[in-house]
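# Fold and contact review
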Amino acid sequence: MTNAAYKIQQTTPVHRAPRVRVVRGGRFALSRVRDIARQVASVLGLAVLLGLITAIVASQAKLTELCGEVDSTKADLATAATTYNYLSTKMDDISNSANIDEAAARLGLVKTDPSQINYIRLDDESVIEKSDSDAAKFVDGLYTAALSLIGNFDP
């Protein structure tokens, strides 16, 4: 059996040039504009993102500062409340009638006898004058003059 040989023809392939149409601007100009628009959009997006991050950090810093002030004010309030409670208790102890009687006894004071109290009723035009010695009148006159002089300096 014999094999048939294939006959190979060498033909040069014809290369056709692609059809090209010349347009002003064309796709290259559009793609360049799109690239620039994308870059501008990404820069703006990044700027907005950085602005938001900066705003969050600033608000957190202010929040921390205000929380510190609130804590210090609460501590001052607690101190003031403690002082108020102490002073209120001390005032109650001082104003207690048993404590007043005890302090009066310690100082040697005695209660007044009702017979020692005299009530005087004065008419509208009644005046009580106390007779003083000449030296007391002179000192009283100097005192009145000094008060009058001080009163003139005070606007």
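Relevant structure appears above.
Residues numbered from 1 in each chain as written. Predicted model: local features only at pLDDT ≥ 70, side-chain atom pairs only at ≥ 80, totals over all residues. Heavy atoms only, no water.

This brings us to the overall build of the chain. Scanning the chain from N- to C-terminus turns up 3 helices and 0 strands. When the helices and strands of the chain are read in sequence order from the N terminus, they spell out α-α-α. Looking at the chain as a whole, 0% of its 155 residues qualify as buried. Summing over all exposed atoms, the chain offers an accessible surface of approximately 15,900 Å²; the carbon and sulfur share of this is 61%. (Helix = DSSP H or I, 4+ residues; strand = E, 2+ residues; numbered from the N terminus. Buried < 20%, exposed > 50% of the residue type's maximum accessible area, 1.4 Å probe, protein only. Areas by Shrake-Rupley, 256 points an atom, 1.4 Å probe, with all protein chains shown as cover.)

With that out of the way, let us pick up the pattern of salt bridges. Applying the stated rule across the entire model yields 2 salt bridges. Arg38 is paired through a salt bridge with Asp35; the nearest N and O atoms lie 3.7 Å apart. One end of the pair is Arg38 and the other is Asp35, both in helix H1 (residues 26-95) and 3 residues apart, which spans about a single turn. Arg38 sits in the exposed class, given a relative accessible area of 57%. A residue is classified by how much of its surface remains accessible, and Asp35, at 39% relative accessible area, is partly exposed. In this structure, the salt-bridge partner of Arg106 is Glu102, at a minimum N-O distance of 3.8 Å. Of this pair, Arg106 and Glu102 are both found in helix H2 (residues 97-107), 4 residues apart, which corresponds to roughly one turn of the helix. (Salt bridge = Lys/Arg side-chain N within 4 Å of Asp/Glu carboxyl O.)

Turning our attention to a nonpolar patch on the surface. On the surface, Leu46, Leu49, Leu50, Ile53 and Val57 cluster together into a nonpolar patch covering about 470 Å² of accessible area. Judged by relative accessible area, which is 47%, Leu49 ranks as partly exposed. (Patch = residues over 30% accessible without salt bridge, like charges linked within 9 Å, V, L, I, M, F, W, Y side chains within 5 Å.)

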